[in-house]
Amino acid sequence: MSRVTPASARFSDQLIAVLPRLRRFAAGLTRSASEADDVVQAACERALTREHQFQEGTRFDSWMFRIVQTIWIDQLRAREIRKEDGDIAEERLGTDEPVRRVEARLALSEVRRAVALLPPDQRVTLMLVTVEGLSYKEAADVTGVPVGTIMSRLARARMALQQLIEAGAGERRSANHAES
């Protein structure tokens, strides 16, 4: 008869509590809800099998973000070896939604495309700090780089995003004038 220890129950509770944040982080990395689910599932499996490696008193969420990031990097490397195509079909927009909602989705889609064009190290940093709300130090701990590197990557990511989004707006204006 297996008995659940208080430490094991606390571990499970922490894992369940962090799942939504892990899914959001993984979705930002993979740019696909289904791939994100796969990464999170693999991370949960790895965490459960390596529960003994978690050090009580440290941040559980940082440990889990690190596992998700490691699995994602492993998958990217495997794809490069197999030369898999990572293109993802665009989501269809519903035609019955109010105009504001459609515009918001288009803006979000534009930001997602711009984020997808960022180098992986900048994208990871941006997701950890701006989406997950980790401090620079916490993000540095997750990624294993100095705090200054996090600050630099974040600054470069923000500048690149602004340029990409502005360039996209210019392309849309040119296309609209061409149609007129």
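Residues numbered from 1 in each chain as written. Predicted model: local features only at pLDDT ≥ 70, side-chain atom pairs only at ≥ 80, totals over all residues. Heavy atoms only, no water.

Engineer: Any details on the overall build of the chain? Residues and values, ideally.
Structural biologist: For the chain, the count of helices and strands is seven helices and zero strands. Counting from the amino terminus, helix and strand elements in the chain follow one another as α-α-α-α-α-α-α. Each of the 180 residues in the chain was classed as buried or not, and the buried ones make up 32%. (Helix = DSSP H or I, 4+ residues; strand = E, 2+ residues; numbered from the N terminus. Buried < 20%, exposed > 50% of the residue type's maximum accessible area, 1.4 Å probe, protein only.)

Engineer: Would you mind going over the confidence of the model for the chain in detail, with residue names and values included?
Structural biologist: Looking at the chain as a whole, the pLDDT averages 82, with 78% of positions reaching at least 70. For the chain, the element scoring lowest by mean pLDDT is helix α4 (residues 99-117), at 77; helix α6 (residues 136-143) scores highest, at 94. Long-range and interchain partners of residues 84-97, a stretch whose pLDDT sits below 50, account for 14 contacts in this model, where long-range means more than four residues apart. (pLDDT = per-residue confidence, 0-100. Contact = heavy atoms within 4.5 Å.)

Engineer: An account of the nonpolar core is needed here, citing residue identities and associated values.
Structural biologist: Soluble globular proteins tend to pack their nonpolar side chains together in the buried interior. Counting residues in each nonpolar core, the largest one holds 39 residues, and the members touching the most others are F25, F60, W63, M64, V68 and L128. Secondary structure elements with two or more residues in this core: α1 (6-30), α2 (33-49), α3 (60-82), α4, α5 (120-131), α6 and α7 (147-179). Among the elements that make up this core, the one with the highest residue count is α3 (eight residues). Once residues within four sequence positions are removed from consideration, W63 is found in contact with F11, A47, R50 and F54. (Core = buried A, V, L, I, M, F, W, Y, C linked by side-chain atoms within 4.5 Å.)

Engineer: Tell me about the environment of V111, residues and numbers included.
Structural biologist: Structurally, V111 can be placed in helix α4. Setting aside residues up to four positions removed in sequence, V111 forms contacts with L161 and I165.

Engineer: Pulling in residues and values, what's your account of unusual backbone geometry?
Structural biologist: Backbone geometry at R31 places phi at a positive 65°, although glycine is not the residue there. With respect to the helices, strands and loops of the structure, R31 is situated in the loop between α1 and α2. Note on R31: relative accessible area 39%, which makes it partly exposed.

Engineer: Before we move on, could you go through a nonpolar patch on the surface and cite the residues and values that matter?
Structural biologist: On the surface, a cluster of nonpolar side chains totalling about 240 Å² of accessible area is made up of Y136, V147 and M151. Within the secondary structure layout, Y136 lies in helix α6. (Patch = residues over 30% accessible without salt bridge, like charges linked within 9 Å, V, L, I, M, F, W, Y side chains within 5 Å. Areas by Shrake-Rupley, 256 points an atom, 1.4 Å probe, with all protein chains shown as cover. Salt bridge = Lys/Arg side-chain N within 4 Å of Asp/Glu carboxyl O.)

Engineer: So what about the pattern of salt bridges? Which residues, and what values?
Structural biologist: Per the counting criterion, the structure on display carries ten salt bridges. With a shortest N-O distance of 3.0 Å, D61 and R21 are connected by a salt bridge. Of the two residues, D61 sits in helix α3 while R21 sits in helix α1, which places them 40 residues apart along the sequence. Look at R21 and you get partly exposed, because its relative accessible area is 23%. A salt bridge links E35 to R79; the shortest N-O distance between them is 2.4 Å. Taken together, the residues span a long stretch of sequence, with E35 in helix α2 and R79 in helix α3 at a distance of 44 residues. Salt bridges sharing partners connect three or more residues here, namely R21, R24, R59, D61, E132 and E138.

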